Amino acid sequence: MTNGNGTPPEAGPSPQLNVLAQYTKDLSFENPNAPASLAPQQSPPSISVQINVGATNVAENDYEVVLKVEGKAEHTGKLMFSFELAYAGVFRIVNVPQENLHPLVMIECPRLLFPFAREIVATVVREGGFPPLMLDPIDFVSLYRQNMERQAAQQQQQQPS
């Protein structure tokens, strides 16, 4: 049922997600075996990347979300390069039901930050003398579910039997 102008009669203010700021919070790149690590290699290096998301409530409706990206490349047991990036954003979220707030902060906010973090990683690896490392897209919904399952398992282990 509508109120005559096509909107439901009980429609309240619409949900809003605004990006207030984006910034590099921490960045480290190490190339400990240069210049030897820059020589052409017979086979590609083994590359590992870890991604984590953290959030802090910094004001009534404002959340700082930090996307942490850590990675390294190794070849025949030697470290070629490693990097750590903490890329953050401050988001203002209003008119979102409480039950939807945590998933929004931990899924949608990092999804907005990821393309910028990806570009920073590609650039810093390239500037370190290697081909740019293009991170694959991240499924933040799956990452969120994995973290929720891990937290639930930890809580069950901590409860007395």
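Note that the structure is predicted; figures quoted are calculated from it, not measured.

Let us now look at the pattern of salt bridges. Applying the stated criterion across every chain yields a total of five salt bridges. The salt bridge partner of Glu 74 is Lys 72, with a shortest N-O separation of 3.9 Å. Among the residues examined, Glu 74 registers a relative accessible area of 30% and is labelled partly exposed.

Before going further, it helps to spend a moment on the sheet that holds strand 4 (residues 78-94). Spatial ordering of the open sheet is given by 1-4-3-2, a layout of four strands whose pairing is antiparallel. Each having just a single partner strand, strand 1 (16-30) and strand 2 (46-57) make up the two edges of the open sheet. The average undirected angle you get between the axes of adjacent strands in this sheet is 15°.

For the pair helix 1 (residues 98-127) and helix 2 (residues 140-158), interaxial distance at closest approach is 9 Å and the crossing angle is 140°. By the angle between their axes, helix 1 is oblique relative to helix 2. Relative to helix 2, the crossing made by helix 1 is right-handed. Taking contact as the criterion, the partners of His 102, Pro 103, Met 106, Ile 107, Pro 110, Arg 111 and Phe 114 in helix 1 are, on helix 2, Phe 140, Val 141, Tyr 144 and Met 148. For the contact of helix 1 with helix 2, the residue count by class is nine nonpolar, one polar and one charged.

Calculation notes
Residues numbered from 1 in each chain as written. Predicted model: local features only at pLDDT ≥ 70, side-chain atom pairs only at ≥ 80, totals over all residues. Heavy atoms only, no water. Salt bridge = Lys/Arg side-chain N within 4 Å of Asp/Glu carboxyl O. Buried < 20%, exposed > 50% of the residue type's maximum accessible area, 1.4 Å probe, protein only. Pairing = 2+ DSSP bridges. Helix = DSSP H or I, 4+ residues; strand = E, 2+ residues; numbered from the N terminus. Axes fitted to C-alpha atoms, helices over the stretch in contact; angles between N-to-C directions. Parallel < 35°, antiparallel > 145°, perpendicular 65-115°, else oblique. Left-handed = near helix turned anticlockwise from the far one by under 90°. Contact = heavy atoms within 4.5 Å. Nonpolar A, V, L, I, M, F, W, Y, C, P; charged D, E, K, R; others polar.

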